[in-house]
Structure formats: C-alpha cells, structure tokens
Amino acid sequence: MEAEKPGSSLEPVGGSLMTRGSFLFVESNTTGTGELLMKRARLLGFETYLVTRNPARYPFLRDSVAQVIEAETLSPDELVGVAAKLSGLAGMYSSSDYFVEAASSAAMAMGLPASNPQAIATCRNKWKQAAELQRQSIPIPETRLANSLRDVENILAQATLPVVVKPASGSGSSGVRLCDSAAAAIKAFDSAKSALQDQVDLPSPDILIQQYVEGREYSAEIIACDGALHCLGILAKHKGPPPCFVEVGHDFPAPLPEPSLQELASFASGAVSALGLEFGPTHVEFVIAESGPVIIEVNPRLAGGMIPVMLSHALGTSILDMVIKLYAGEGFTPPHASARAGAIRFRLAPTSGKLRRLSFSRDPDPTVPETGLLKSEGGDVQIKGDFRDRVAYAVGVADELDAAAAAADRMIDSIEMDIEKAAGESDKQDPGLGEGRWALHPEAMKLLAPPIEISRDGRLLQHQAAIDEAHLVMLADQGLISMAAAAGLLTHILHLQDEGFQSLEGRDAPRGVYLAYEAELAARAGPDKAGWLHLARSRNDLNATISLLVLRGAASSISQQIGIAQGALLQRVEEASSLVAPLYSQYQIALPGSPGHYLLGVFFALGRERQRLHSLLEDIRSCPMGAGAGGGTSMPIDPLKTASLLGFEEPSFNSLDAVASRDHHLHGLSIFASISTLLSRVAQDLQVWTTREFALIDVPRNLAGGSSMLPQKKNPFLLEHIKGSASTVIGAYVSAATATCKAPFSNSIEASNYGCSPLRLSEEALQRAIILTSLIVKYMSFNVNSMRDHLEDGSSMTAVAAERMTSRGIPFREAHTQIGEIAQRLSQDSCATQRRSELASQLAGVFPASLEECRDALQFGGGPGKRSTDDQLSVAKTLFRNMELKCAEISERWAHAEAHCKWRVKELIDKRRST
C-alpha cells in the first residue's frame, strides 16, 4: 500500500485561505516537522518563504511548499537583509537546531516575536548549558569538555565508565555514543568531531564526555509565552540498541502517576527558566535515576522525531499551528486538558545499501491516524547511528496508552523492507580459511555454536577488536605486513566497532564467534587483505588473551563495587558508632557494642577481599599473544609491544604456560566465592535483626516486599537474594575447578571454555549481591530504643564488672564465678530494670553506671569503645583512600595503554590517507 503523506491527517484550517502576511523559515530539519510547518503556515494563510544556504538539502521543496531564497543563514545580518525585502512579514522561525540562534537574532532585530538569542546560544552550546544548569544546582551528569586526544585521555583517567561522548552542538543523536572503554571513547571522540559535517556542513570541534546516567529516559514538551511556561506533556522514550542513542518510539503520557508527571513538568520547567528561555517551544530531555530526575539536555526548539505530530493527534489540536501563530505574534492558547493517549514508533534500517522495497503491508485502522515513509525506494541508505537510520513511522492514538502503543507497534511491525547491501557488506562464506572444509552437524551447531547475540557476545567482540588493533600495529612496526595493509584492516575494524558489531547480530557462528568476526572483515576488506590478520597467532593465544582481559575487567568491576559498598559502610559508621547495640555471640547477647563497630568489622573484611583482587590484577602481568597454538611462532614478532598496547607489562615467557594455564581464573573465582560468602553472612545477620524478636534494624519499603496472603508482612527479600547469590558464585568456582582439574596441560576446551565461562555468571551474581548490600546498608534504619531494650537487664555489663573486680585483687575466674552465681539468683519474673538495679546493688563499685560507659570501657583489642572505634575509623579511612588510589592507578595504566593503542591505530590510518 502507499504510505500516508506526513501530516496529511492534520485537518486544514478550513474554508478559503485568509491572508496573514508572509512567514519566513530559516533552514529546516530534513526528516521531522520542517516540511509540515511550511505546509501548515500556507494553510493558515501565510505567504511562506524558506531561506537556505543549500536548497538541495530539502527534496520536499519540489512540492512548492515554500518560495526559496538562497542566503548565508548563519549570519543574522544576512537574514535581516532577506527579511527586510519581504512585505508584511509576520514572523520568522527555524525548526533546525543549527540555525535557531541566527533566526532568533534576526527576528529580534526586526522587532518580531523571538526568544532571547543569548539564552538560545547558551542552550545550543551544551558545554555552556551544562555549566549554567550546574551553577543553578539543577542535576546534570558529570560533564567534561574535550578538544583534543590528550583531553580525552586526561578525562578518562578520572572518569568512571561507561561515559557518553557527543558533540557540544549536535542534534538528533548524531555522533552520540555510549562508551564502556577508553578505546571506545577515543573512537567516538574522533567520529563526533566530523559528525555534523555531512549534515549541515558545520564543524564540531567541541566534544563533551558525560558520565552515563542509568535510568528510564523521558522528555518534556514546553511552550513559553509572556513569561509563563506551559508543559504540553511528559513523554517516555524508547531507544535503539547501544552504543547509539537513536530514538525508536515515544509514549504520551508517560506511564507514571499523575503527581509524578506534575512534579516532572515542574522540574523540566525549572531547567528552562534557569537557562533564561522565555519564549517559544523547548524540548527537555531527562533521565529518572536512582537519585531522582537528571537533565540530559535542553533544546530551544520544537521536538523532533515527529513528536509534535503525535501530540497533535493526542491533544486534538495542531501543535504546529500553535508555534506558527506564536511566532506570528498571535499569542498562545494551551490545549484542552482532556487528551487521549498517543504513541509513535519508528523502524530503523538494519544495514546500509540500496533500498529496493519499503512499504506497509497492512492498512491503518482508526487507532492509527498517521503513518509515513522517511526513505524512498531506489535511494541509498547509510547507517549513521542517528535519526537518519529511521525509514518509517506510525502513530497510534487511543483512550489508553497500552492500546495506542499496541496500534503503533502493529503498524510499524507490518513494514516490508528489502535492502540490497552495499558492495563489501554482503554475507559471504569464509574465503580461503583452512578450516572451511569442516562443516559442523546442524544439531551440534545448535547446541554448541548458537547465532551471535551482541548482548551476550559484545564484550568478547570488543576485546577481539582491541587485540586485533594491537596485533596489526605490531606486525606493521616489525615490517611483517605493509603499513597500507594494516591501515586498511584497522579502518574496517574501527567501522565494526563504531557500528557496535551490529552486522554480526544473528550471524551463524558454526566455528565460533572469532571466525564469524574474521569472515565479516574478509567480506569488507577482501580475503587477500584479511588473510594477513591471523599471521603469527592462533585462536589459542587469542582465547587465552581474551579470557585474561575478561577476567581483568570483571575483577576491576567487582573491586569498584566493593569500593562503593565500603563507602556506604563508612558513611553509616559515622552516624552509628555513638549508638548502643547488643554484640552477639552465637545469637546470644554478649556485650554492649554499637552498629558502627559491626559495620567497621564488615568494612575491614571487605577491604582484605579488595586487596586480594588488587593483588590478582597486579599479577595479571603476562600477555599470551605470541604463544600461537602453544609452540610460539617462527616470525620475528615483538610480543612486548603487543602486550604493552593491551595494558600488560610483559609477554609470556613460556608459550605452553601461556595457552594452558587458567590459574588466574581459578584464583579470581575463589576470591569471588570468598566475597559472596562474607556478604551472605552479613545478610543473614541483617535478616535476623529485622525480625520482631530482634527488631534492631528496619529496611525501607522500597527495599522490601509484601506477602501475597498476609497483609501485615514486610519481607526484606533482597537479603535472601544476597544469600542466594552466594550459591551461584561458589558453584561457579567449583564448576571451573572441576572442568580444569582433568584437562591436559595444553590448550583444551575443558580449560579454555568450561574453565572460564563460569566467570560471567559469577560476576553477575556477585555484582548483584554487592549492589543490594550497598543499598540496604545505605538506607536501613537503626531501631535505637529496641537496641537499648535488649540490654536493659544489665547482664551484658557483667563481663566488664568481672574484669574490674580483678583490679581489687580477685582472680578473674573467681570473679567470673561470683558474678555468675549472682546472675543466676536474679528473679526472671522481675522486669529488666529491676534486675539491672539488683546487679548494680550487689556489684557496687564495679558495675558500669550506663551502657555507654560499659561500651566505651571496651576500648582495647579492637572493641566497640568510642576511642577504639574512632581509631578504627581513622585507619579505615586511610586504607580506603589508599586502595582507591591504587585502583585508580591501575585503571589509569590500562586507559593509557588503550589510548596509546588508539593513537597508533589513527597514526597508521592517517599515514595511509596522506600517501
């Protein structure tokens, strides 16, 4: 079927067109609402003009939607000159991010309605925007500015991965990438600098590196008029696969409670006000993180992505008309509150190539008022990782959001698309590979070599690409392959990384992920060129190196999470060390202690585990690359260079040891098992202490659950997850050790596959346990009165009384016996206060006057006394600070190695281009 034209469902103004004067558009967005705005302006009775520096950017101009004027659109003076020649000019507006500032300046100079150009300039430069929002205490991600590779290296040395790299003045997710390694960030930096060149022929020298904020993404659509801000609604975003941030859908209203929507509208409006935007539409993007909403960016223009079209259908009034009338000085009337729900869904092109067929296979029903094709059959599609990857959209509208979303999903799922892949991107068999004659039985392949899934295999592919880069640089430096051959392969590897290896998604891998990856390189570069990649190496040393990089990353990640947990422990120690709580032995009250004393004990135990992890990371010094299949190679390679580029300190000394040994993995898994055991013991204590019988602590409702049958119950079930995770982690160690113990001392599937594969499951389970522990420690509350009540009978103070009796010359064993007999004679029928009074009376002179006095007397041997606890806390802070520095140092060393490798890769590619 033929797709509905974009915007055709928006009703005409009606009747004959009335004349309202002229309206000047300054440039336009190319795939969103720019064309629709011009059409709506004509329907509203305006003589419509478009001023542009390049009419060829707008294919829709063939439909005569506007009279075209060519001029330099970045110059307000040029725009004023153009505008002055138009009769009856009523308004001037730009739907393009890149020209909204110039349009505003020119409109203000002409006395037309416009927003403050300085406020727009601040918004358009996202570095200045971030600084202003931060200055006004509005939450934003940690943001740094990078103009050079050296800037990137310095930022990454201090940043916590993952980070987001993006141009400071970009739009439509162009050049925006999520990076979970230094290498990825450096590649993203290089790409971002030219991301806008092919769109609007503008440079982007300023690049931002932001801390990635985990959470669901939303947007607020706001229109400002006469100093008042009107929020049209809060929308929930749907994103495509990382590392890109392509928006593939929006839901209106966001599925949140009404009070939350109002709070978010107020939050977004606060950011708009803080930036001085007092006129026109604003598109505010934010994430709801664990700590609350965080502004990602504020855009001083109408939303893109056909959002205004969807909102127009849902609100029952044209948002485009509102904006045109606003800029024509006709004021603004907010839409009625009785809105329906709306959803928009996009389809992305799966690959680059010639678009042979694109159509919807079903007719839209009444719940789908709008569909559109964003690409034309016969044209070329280029995957950019931004808004230009969209090929079609569908809008659903209904009384309920679920029905609207389902309608949009059904329609967009009916898209039929056929793309003829570009040369070099077709699926080819692995050409010329020595293993090509081995075809795995289909049933065996289904069990042992499932199709590639980026969500599962992405990390492995990232490590594979990093090793390839280091290996090719080394081969070129040694003169074993030509610089041109190395640079050509490196270029294709960079493209694969930039694409997030998406071309391998779903690819059959009958002989493993590596050979499927190598086949893709061969298809892109040609088999003759790709054949150089495997010179002087084997899958054996490759797998051994990848397994160490995976272990290194897992151990580092667990260490970082332990650091977060230790930070939470120290924070609670500060407030809890002055409290009094029972100190238990075999679940029986022993002495007065404090929650701070207990938490410090956990801190020190975790600290030793973290030190063991750090020692493991320091011990992963030798890089297996160069060991080949276990017997080295006859080629004069430089394995030290490869090792250094991958962040290792030295190559392996013995080729057999390099491919056969998996002791580092077993050591790492044993540390993981020890950590999980410790956390399980702590969780057991905390779970017991939440019971009514103990009632020492309370867990907040958002970290607990209820009962499906018993309405009075509050279950601290997260503690059970912590304890249950230990079984997974310990089981992973046992599994790896069992797989390795009967394997020969050479490369073998038992050791390299079954001996290493449990690491991922173990890491995930342990990460979960540590994070849950951190959350509970951070937010649990202490029941101060209950803790004191358990100690009220004074029995816990008798040990200190017995020790004090020794200062009077009474042997401790005799004092122990005497006090024991006194305690036994106390009537259990009397209240706790009375029993304590009787003890104080019979042990006058030695019985502590208060629980605090008794606790503080326990200051030797690391006891809970205040002086002792203060000393422990001082030591803990020093240990924590030193370990944080050690971990930062090792992370910086790896980041420097990645950055240096990337620099060498870039150097080789640039040399090839210049020759």
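This text follows the structure it describes.
Model, not experiment: these values are computed from the prediction.

We now examine the packing of helix H15 (residues 483-498) against helix H16 (residues 513-525). For any two helices packed against each other, the geometry is given by the interaxial angle and the distance between the axes. Taken N-terminus to C-terminus, the directions of H15 and H16 make an angle of 120 degrees; their axes are 10 Å apart at the nearest point. By the criterion of interaxial angle, the relationship of H15 to H16 is oblique. Both H15 and H16 take part in a crossing whose hand is right-handed. Residues Leu 489, His 492, Ile 493, His 495 and Leu 496 of H15 form the contact with H16, whose own contacting residues are Tyr 517, Glu 520, Leu 521, Arg 524 and Ala 525. By residue class, the composition of the contact of H15 with H16 is six nonpolar, two polar and two charged.

One open sheet holds the four strands; their spatial order is S3-S2-S1-S4, and the pairing between them is parallel. On the outer flanks of this sheet lie strand S3 (67-70) and strand S4 (89-93), each paired with one strand and no other. Ignoring strand direction, the axes of neighbouring strands in this sheet form an average angle of 25 degrees. Inspection of the sheet shows strand S1 (residues 22-26) paired to S4 by four bridges, in the parallel sense. The partner of Leu 24 across the bridge, within S4, is Met 92. Sitting on the sheet, helix H2 (residues 76-84) touches S1, strand S2 (47-52), S3 and S4, and the angle it makes with S1 is about 155 degrees. Contacts from helix H11 (residues 319-327) reach S1 and S4, with the element oriented near 120 degrees to S4.

What follows concerns the sheet that holds strand S7 (residues 177-179). Across the sheet, four strands lie side by side as S5-S8-S6-S7; this open sheet has antiparallel pairing. In the strand order of this sheet, the two ends are held by strand S5 (143-146) and S7, each with one partner. Averaged over all pairs of adjacent strands, the angle between strand axes in this sheet comes to 25 degrees, irrespective of strand direction. Two strands pair when backbone bridges link them, and S5 and strand S8 (residues 207-211) are joined in this way by four bridges, in the antiparallel orientation. The residue of S8 that forms the bridge with Thr 143 is Gln 210.

A surface patch of nonpolar side chains, amounting to about 230 Å² of accessible area, comprises Ile 730, Tyr 733 and Val 734. Of note, Ile 730 is situated in helix H23 (residues 718-741). The exposure class assigned to Ile 730 is partly exposed, which follows from its relative accessible area of 35%.

Turning our eyes to something else, we now look at the environment of Leu 703. Turning to its location among the elements, Leu 703 is positioned in the loop between strand S24 (697-698) and H23. Overall, Leu 703 belongs to the buried group, its relative accessible area being 8%. Measuring from C-alpha to C-alpha, the distance between Leu 703 and Asn 715 comes to 9.0 Å, with twelve residues separating the pair along the chain. Not counting the four nearest positions on each side in its chain, Leu 703 is found in contact with Leu 718, Leu 775, Ile 776 and Tyr 779.

Conventions and cut-offs
Residues numbered from 1 in each chain as written. Predicted model: local features only at pLDDT ≥ 70, side-chain atom pairs only at ≥ 80, totals over all residues. Heavy atoms only, no water. Axes fitted to C-alpha atoms, helices over the stretch in contact; angles between N-to-C directions. Helix = DSSP H or I, 4+ residues; strand = E, 2+ residues; numbered from the N terminus. Parallel < 35°, antiparallel > 145°, perpendicular 65-115°, else oblique. Left-handed = near helix turned anticlockwise from the far one by under 90°. Contact = heavy atoms within 4.5 Å. Nonpolar A, V, L, I, M, F, W, Y, C, P; charged D, E, K, R; others polar. Pairing = 2+ DSSP bridges. Patch = residues over 30% accessible without salt bridge, like charges linked within 9 Å, V, L, I, M, F, W, Y side chains within 5 Å. Areas by Shrake-Rupley, 256 points an atom, 1.4 Å probe, with all protein chains shown as cover. Salt bridge = Lys/Arg side-chain N within 4 Å of Asp/Glu carboxyl O. Buried < 20%, exposed > 50% of the residue type's maximum accessible area, 1.4 Å probe, protein only.

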